[in-house]
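# Fold and geometry: a report
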Amino acid sequence: MCLACHPDEPDKAHARTVVPCSACHLGNSLAGDKFNAHKGMIKNPGELSISPKTCGQTGCHQREIGWVKNSLMSTNTGIINALRFYWGETEDRHENLTVQMLQENSLDSPALSYFRKLCGSCHLGMEKGRLPDFLAEKGGGCSACHLQRLQPDRPEKKPHPIIARAAPMENCVRCHNRSGRIGLSYQGLYETEGYGTPYNTGGFASDTLPDGRFVRHLEPDIHHKAGLVCVDCHTQRELMGDGTRHSHLSKQTEVRCEHCHSGANISAKILNVYETDGENLYPKKEKLSPLPRLLFEKYGDEVFLKSKTTGKLHSLKAPDEQCRKAVHSRLSCQACHSTWVPQCYGCHVRYDAAKTQLDKVSGKETPGRWQEFKDIMRYDTPPLGALQTEQTTEQIVVMVPGCQDFVTFLGKDGAVKRRFQRFTASHMDPHTTQQKGRSCRDCHQRPEALGLGAGSLSITDGKWFFQPALGCQNNPANSQPLDSFVNLQGKRLMHTSSQGFRQFNKGEIEAILYVGLCLDCHRDFSDPIMSGWQKSKPPLSCGHFLNLR
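Each chain carries its own residue numbering, running from 1 in the direction its sequence is written. Side-chain atom pairs in this predicted model are given and counted only at pLDDT of 80 or more, local residue features only at pLDDT of at least 70, and totals for whole chains, interfaces and linings cover all residues. Note that water and hydrogens are dropped before the side-chain values are worked out from all heavy atoms of the structure.

Quick look at the overall build of the protein chain now. Strands here mean DSSP runs of E at least two residues long; helices mean DSSP runs of H or I at least four residues long; both are numbered from the N terminus. Counting its secondary structure elements, the protein chain contains 22 helices and 16 strands. Three exposure classes are used, based on accessible area relative to the maximum for each residue type with a 1.4 Å probe and protein chains only: buried under 20%, partly exposed in between, and exposed over 50%. For the protein chain, the residues scored as buried account for 45% of the 549 residues in total. What makes two residues a contact is simply this: any of their non-hydrogen atoms within 4.5 Å. Here the contacts in the protein chain between residues at least 6 apart in sequence split such that 60% fall between residues at least 24 apart. Per-residue and other accessible areas follow the Shrake-Rupley method at a 1.4 Å probe size, with only the shown protein chains counted as cover for residues. Element-wise, carbon and sulfur atoms account for 53% of the exposed surface of the protein chain, whose accessible area totals about 28,500 Å².

Below, the structure is given as structure tokens:
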């Protein structure tokens, strides 16, 4: 009976000859009138609150619903835990608070209040359309990822949206455009200051995001230029979870650059695993393969990565010879090939008890209003730090300002009740990979790369000196430059976001800088001096080095 009014269908897998409308949308498909047919009908069957009766019913996607409900995109545990740690409310980096817990009880603190009012819309449990304006597109459970935007060339008046097995990139970017801003950076979009700075000739900039933020066009990630979208690299286990509730993104991430670019034929091994044991497609713990399920295809002796959205085959290139040098053994791929990263230094946050604001978790207007004010934004080659994980030996990784918050609390009378500030450094993959990596000078001669911040470096009588260029414009009394993660003595000037992550120590900083002394004469690995470099100081026979001592 539904087809008398709704002749269109979502996709082949959910075609009306395969799945009746009422299997997903409920209601009464045998009723002869609209009123009774629509009783109990669900507009969005993908909502997690109703999904056990719809997407997760027996014979459909029952297992997947269980994974998704425990995934980070559903629980927001990583965001909540990081924010509470950033603000000094907990020292437990694996605290198990979820957005569902905040919905069910009155847990509250400054960090949780901030999350509720500024961050709480980007989770899969959010009912699509519940929030106003551009936020209405957030959430929706399964539909948040798998519902494809209506195409303007479809003739139906109200066509059924397409259900896409491979999530379109625009669905990912709908949420992944704040914090690390990787959804923007991947496309070559950089969030600029909020007043349309005229970087190009003519009037003020006009490129904006749905929420009004201005963006500037930079060099996109090489994988984006090749036509790859998020789901071509990020696997089912990463996105939908593996059934286990994790506290951090790193615990739910399995794909690494070397799975495609190892030069050790890992891609062929992955292809063989999933060709010979189809059960490893799904996260069953007793059979779980440690290798990610990437869509590889083999033609002759060559393995290709196949795009899940276009079907295009992408060749897998081995690392350059310089990448395999022993002195670079600790370098992550991103440390060299991520040529720019957005960096936001100094976030001035104000809480006003005299005003109200929408609590996005509860959906209610509640007392207290949070506002953010930017201090310094820039894009540049990233600072670097060191990360030790359970899966890898210590690597040099990209370091960014995680949260540099100056927090002010105003009472109902408008007077300042208290203030605090806390700076935290974080590590990330910027998703701005380029074929050509950073120059040797960029890492070994620039203080920004070492985490010292912008400024000038000098050496006298074998001793290094650094003069910072950046201070806090809104707080001259604060002596620490906002972009200084560490000083020349290796003293850490910021907290770090996760266990095993740290700034460079004094020995590492000096070793990196000593290489920079040699680059004026010995520019790259084609020079025997550099190709035979020892991991300490320049050869004592070097006259230039002896003069500096």
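Still more ground to cover, so stick around.
The criterion for an aromatic pair is that two Phe, Tyr or Trp rings (for Trp, the six-membered ring) have centres within 6.5 Å, with stacked assigned to planes under 30 degrees apart, edge-to-face to planes over 60 apart and tilted to the rest. For the coordinates displayed, the defined rule picks out 14 aromatic pairs. Here the aromatic rings of W87 and W370 are separated by 5.6 Å at their centres, their planes lie at 50°, and the arrangement is tilted. Of the two residues, W87 is situated in the loop between α5 (77-86) and α6 (99-104) and W370 in strand β9 (residues 364-380); the sequence distance between them amounts to 283 residues. When its relative accessible area of 6% is taken as the criterion, W87 is described as buried. Ring geometry for Y351 versus W370: centroids 4.9 Å apart, planes at 55°, classification tilted. Taken as a pair, Y351 in strand β8 (residues 341-359) and W370 in strand β9 lie far apart in primary sequence, 19 residues in all. Joined through ring pairs, the aromatic side chains of W87, Y114, Y351, W370, F409 and F420 make up one cluster. Distance and angle both matter: a charge sits over a ring if NZ of Lys or CZ of Arg is within 6 Å of the ring centre and within 35 degrees of the ring normal. Sitting over the ring of F409, R418 keeps its end group 4.3 Å from the ring centre. Directly above the ring of F85 sits R422, whose terminal nitrogen or CZ lies 5.4 Å from the centroid.

This part takes up unusual backbone geometry. Positive phi, close to 55°, is recorded for S179, a residue that is not glycine. Structurally, S179 is set in the loop between α9 (169-173) and α10 (182-185). On the basis of relative accessibility, which here comes to 69%, the residue S179 falls in the exposed class.

Moving on, we get to the sheet that holds strand β6 (residues 302-306). Any two strands with at least two DSSP bridges between them are considered paired. Pairing within the open sheet is antiparallel, and its 3 strands lie in the order β5-β6-β7. With partners counted over all chains shown, the strands left at the sheet margins are β5 (296-299) and β7 (313-315), one partner each. For this sheet, the mean inter-axis angle between neighbouring strands, taken without regard to orientation, is 45°. In the sheet, β6 pairs with β7 via 3 bridges, with the strands oriented antiparallel. Pairing of F304 across the sheet is with S315, part of β7. Interaxial angles span 0 to 180 degrees and are taken between N-to-C directions of axes, which are lines fitted to C-alpha atoms, for helices over the stretch in contact.

Residue position: C518 is located in helix α20 (residues 506-518). A residue is classified by how much of its surface remains accessible, and C518, at 7% relative accessible area, is buried. Taking the C-alpha atoms as reference, C518 lies 9.1 Å from I529; in sequence the two are 11 residues apart.

Before going further, it helps to spend a moment on the confidence of the model for the protein chain. Each residue gets a pLDDT score, which is the predictor's confidence in that residue and runs from 0 to 100. Scored by pLDDT, the protein chain has a mean of 86; 88% of the residues are at 70 or more. Predicted confidence in the protein chain is weakest over helix α22 (residues 543-548), with a mean pLDDT of 58, and strongest over helix α11 (residues 222-225), with 97. Residue range residues 278-287 is modelled with pLDDT below 50. Its contacts to residues more than four positions away, or to other chains, number 23 contacts.

Before going further, it helps to examine the side chain of S498. With respect to the element layout, S498 can be found in the loop between β15 (495-496) and β16 (501-502). The contacts of S498, once residues within four sequence positions are left out, are R93, L387 and H427.

Below, the discussion takes up the layout of surface pockets. Definitions used for this entry: grid spacing 1 Å over protein atoms alone; cavity, a set of points where a 1.4 Å probe fits but cannot get out; pocket, an open set with protein on both sides within 12 Å along at least 5 of 7 lines; lining residue, one with an atom within 4 Å of a point. Grid points are joined across faces, edges and corners, and a volume is the space filled by probe spheres set on the points. The volume enclosed by the second largest pocket comes to roughly 240 Å³. Forming the boundary of the second largest pocket are 19 residues, of which D108, S113, R116, D359 and T366 lie nearest the centre. Contributing elements (two or more residues each) for the lining of the second largest pocket: α6, α7 (110-119), β8 and β9. At 4 residues, α7 tops the list of elements feeding residues into the lining of the second largest pocket. Each residue gets one label: Ala, Val, Leu, Ile, Met, Phe, Trp, Tyr, Cys and Pro are nonpolar, Asp, Glu, Lys and Arg are charged, and the others, such as Gly, are polar. Of the residues contributing to the lining of the second largest pocket, the split by class is 8 nonpolar, 7 polar and 4 charged.

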